[in-house]
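So you can see what is in the structure, the chains are spelled out below.
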Amino acid sequence: MNSISTQVSRPLQARKGYMGIYIHYPFCYQKCDYCDFYSEGIGPGKSDIEQELFDTYKKEFFLRLENSADLRDRKIDTIFMGGGTPSKASAENWNNLLSFFKKELNVTEDVEISLEANPEDLSSEFLIGLKQAGINRLNVGVQTRNHKDLHFLGRHYEKDKYEKIGEILSQSPIERVGIDLMYGMPDSNEDDFWKDLEYFTNLQLKHISLYSLTLEKGTAYSRNVKDKKTKAPNEEMQREILELLPRKMQDLGYIWYEVSNYCKENEFSRHNLKYWTYEPYLGLGPGAHGFLDNKRYGNPRNSSAYLKKPGAAVSEPVSPREEIALSLFRLFLPISLPSYLDAFLQKDKEQILKIISRFKERDLCEWDGNTFQWKQNALFLLDDLILELVSES
Ligand code: SF4
């Protein structure tokens, strides 16, 4: 089975003049064993430095403004609060920060404002506060409803919240709700994953991200696997699930738009689409990444260092060809490829188009000289195909 309908009326086009904002809130209830994001487990309460951190986001903003004066000219159409667990910070602090951006920058009327949350923080009072702050999209890190698997992942979970998660999400005052699920834990039962998926798709959630458990360098989980203290992910199960997902999700009314991401019609994460379509974004906070003036930067993964020196990021110029290959070609949507190549590449266009023609001959994609789209059979070869796009000939 090759063709997956994406129900998208127009191929994606390159855009200029827009920018997103990403804010990293680095605290969580507890550090999950598999997680390689910068985050610190601090237990049930609030962080002692929450207020100071929110003040420092603003300081970093002004420092970045000094180096990229055109920030004020760009249209801000997405703001994303990620982490860590941003739902651990107060709605009042998010409200205040969002008002600050609206005052300082050209934020569009229809801006998408997303916040990542964990189930333990989802009280109706808090959700109402978030909605009043202007947050119009919520993404909840559920991962699985199986307690044994949550325990294996080293995740904090509150039984009561997990049992009522369907009710909580369907009653959310913020209508655009998405979740993350994870599959392929070593002792998982595949049926549990399909049951979870059915449970959440029955709620008609707008967005579902489906990730396989992976070994990320530097995490407790990867060290434990290396030391043979625990088992590696079940790759056979992961492959089976990955192969079945696109068709299954399509039958359930979801569009497959990126390797691990599905949504209802027009319910893409517009912010995450920026990462895959080479659009700039201002990253603020310890451990945040940003992409401005064709340079990527990464802030220190240490909140004390960040508070002392908020603008001290490491910056790297990027090769546009590599960036385009590594981001755009993760999308499974139809893409107006020339629009991206013309907008972002000074050279290498011909080479890329030659490689795309070879992909077409191998029946890996649809390509008519304007619109490009992967076929599903490219999925398991994707890393190698992207490497071919990066290589010289
Ligand atoms: S809750 Fe999320 S960000 Fe925090 S440690 Fe777990 S996976 Fe990482």
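Nothing here was measured: the structure is a model prediction, and the numbers come from that model. (Residues numbered from 1 in each chain as written. Predicted model: local features only at pLDDT ≥ 70, side-chain atom pairs only at ≥ 80, totals over all residues. Heavy atoms only, no water.)

In this structure, strand E9 (residues 255-258) lies alongside strand E10 (residues 261-263), joined through three bridges in antiparallel fashion. Looking at E10, one finds that Ile 255 is bridged to Cys 263. Once E9 ends, the chain turns through two residues before running back antiparallel as E10. (Pairing = 2+ DSSP bridges. Helix = DSSP H or I, 4+ residues; strand = E, 2+ residues; numbered from the N terminus.)

Let us now look at unusual backbone geometry. Residue Gly 83 is joined to Gly 84 through a cis peptide bond whose omega torsion reads 20°. Tracing the sequence through the fold places Gly 84 in the loop between strand E4 (75-83) and helix H2 (91-104). Residue Asp 293 is not a glycine yet carries a positive backbone phi of 50°. Counting through the fold element by element, Asp 293 comes out in the loop between strand E12 (289-292) and strand E13 (295-298).

For the rest of this paragraph, the subject is the pairing of strand E11 (residues 281-284). With burial as the criterion, each face of E11 is covered, one bearing Tyr 281 and Gly 283 and the other bearing Leu 282 and Leu 284. Here strand E1 (residues 18-25) runs beside E11; their pairing, made up of four bridges, is parallel. Bridged to Ile 23 within E11 is Leu 284. (Buried < 20%, exposed > 50% of the residue type's maximum accessible area, 1.4 Å probe, protein only.)

Two numbers describe how helix H13 (residues 337-344) lies on helix H14 (residues 349-361): the axes approach to 11 Å, and their chain directions differ by 155°. Here H13 is positioned roughly antiparallel relative to H14, judged by the angle of their axes. Between H13 and H14 lies a crossing whose hand is right-handed. Contacts from Leu 337, Leu 341 and Asp 342 in H13 reach Lys 349, Ile 352, Leu 353 and Ile 356 in H14. (Axes fitted to C-alpha atoms, helices over the stretch in contact; angles between N-to-C directions. Parallel < 35°, antiparallel > 145°, perpendicular 65-115°, else oblique. Left-handed = near helix turned anticlockwise from the far one by under 90°. Contact = heavy atoms within 4.5 Å.)

What follows concerns the site of the ligand. In the neighbourhood of the ligand, the contacting residues comprise Cys 28, Gln 30, Lys 31, Cys 32, Tyr 34, Cys 35, Ser 39, Gly 83, Gly 84, Thr 85, Asn 118 and Arg 155. Partitioned by chemical class, the residues of the shell around the ligand number four nonpolar, six polar and two charged. (Near = heavy atom within 4 Å. Nonpolar A, V, L, I, M, F, W, Y, C, P; charged D, E, K, R; others polar.)

Within helix H12 (residues 320-327) the residues assigned to the buried category are Arg 321, Glu 323, Ile 324, Ala 325 and Ser 327. Considering only its buried residues, H12 is in contact with helix H10 (270-276), E13, H13, H14 and helix H15 (382-390).

Assigned domains of the chain: these are domain 1 (18-275) and domain 2 (324-393). On a C-alpha basis, the centroid separation for the pair domain 1 and domain 2 is 29 Å. Listed by partner, the interface residues are twelve residues for domain 1 and nine residues for domain 2. Here domain 1 packs against domain 2, burying approximately 1100 Å² in sum over the two surfaces, 71% of which is carbon and sulfur. In this structure, Arg 330 engages Glu 258 in a salt bridge whose closest nitrogen and oxygen atoms are separated by 2.8 Å. The interface formed by domain 1 and domain 2 contains four residue pairs in polar contact (both at pLDDT 80 or more). (Domains from an automatic or database assignment. Buried area = accessible area lost by both parts, 1.4 Å probe. Salt bridge = Lys/Arg side-chain N within 4 Å of Asp/Glu carboxyl O. Polar contact = N/O pair within 3.5 Å; in protein donor to acceptor, adjacent residues only side chain to side chain.)

Okay, the nonpolar core next. Counting residues in hydrophobic clusters, the biggest one holds 109 residues, and the most contacted among them are Trp 94 and Trp 374. Residue contributions to this core peak at six residues, all from H2. The two domains that each donate at least three residues to this core are domain 1 (18-275) and domain 2 (324-393). Apart from the residues within four sequence positions on either side, Trp 94 is in contact with Ile 23, Tyr 25, Phe 54, Met 81, Pro 86, Ala 89, Leu 115, Leu 130 and Ile 135. (Core = buried A, V, L, I, M, F, W, Y, C linked by side-chain atoms within 4.5 Å.)

The subject of this paragraph is the side chain of Ser 327. One can find Ser 327 in helix H12. Looking at Ser 327, its side chain comes within polar contact range of the main-chain oxygen of Glu 323, at 2.5 Å. Apart from the residues lying within four places of it in its own chain, the contact partners of Ser 327 are Tyr 275 and Trp 276.

With that settled, the discussion passes to the pattern of salt bridges. Summed over the entire model, instances satisfying the criterion amount to 20 salt bridges. Measuring nitrogen to oxygen at the nearest pair gives 2.8 Å for the salt bridge that ties Arg 15 to Glu 279. On the criterion of sequence distance, the pair formed by Arg 15 in the segment before E1 and Glu 279 in the loop between H10 and E11 is long-range, its members being 264 residues apart. Since its relative accessible area comes to 31%, Arg 15 is described here as partly exposed. A salt bridge links Arg 296 to Glu 323, with the shortest nitrogen-to-oxygen separation between them at 2.5 Å. A residue pair is termed long-range when its members are at least 10 positions apart, and Arg 296 in strand E13 and Glu 323 in helix H12 qualify at 27 residues.

This part takes up the sheet that holds strand E15 (residues 335-336). The antiparallel open sheet is built from three strands, whose spatial order is E15-E17-E16. Each edge of the sheet is formed by a strand with only one pairing partner; in this case those strands are E15 and strand E16 (365-367). The pairing of E16 with strand E17 (residues 371-374) spans three bridges and is classified as antiparallel. Of the residues in E17, the one forming a bridge with Glu 366 is Gln 373. Against the sheet, H14 touches E16 and E17, its axis set at about 120° to E16.

With respect to the helices, strands and loops of the structure, Pro 86 is situated in the loop between E4 and H2. C-alpha of Pro 86 to C-alpha of Phe 100: the two residues are 14 residues apart in sequence and 17 Å apart in space. Pro 86 has contacts with Tyr 25, Met 81, Trp 94, Leu 115 and Glu 116, leaving out every residue within four places of it along the chain.

This brings us to the packing of H12 against H15. At their nearest, the axes of H12 and H15 sit 9 Å apart, and the two run at 160° to each other. For the element pair H12 / H15, the angle class is roughly antiparallel. As H12 packs across H15, the resulting crossing turns out to be right-handed. Contact with H12, carried on its side by Arg 321, Glu 322, Ala 325 and Leu 326, involves Ile 386, Glu 388, Leu 389 and Val 390 of H15 and no other residues of that element.

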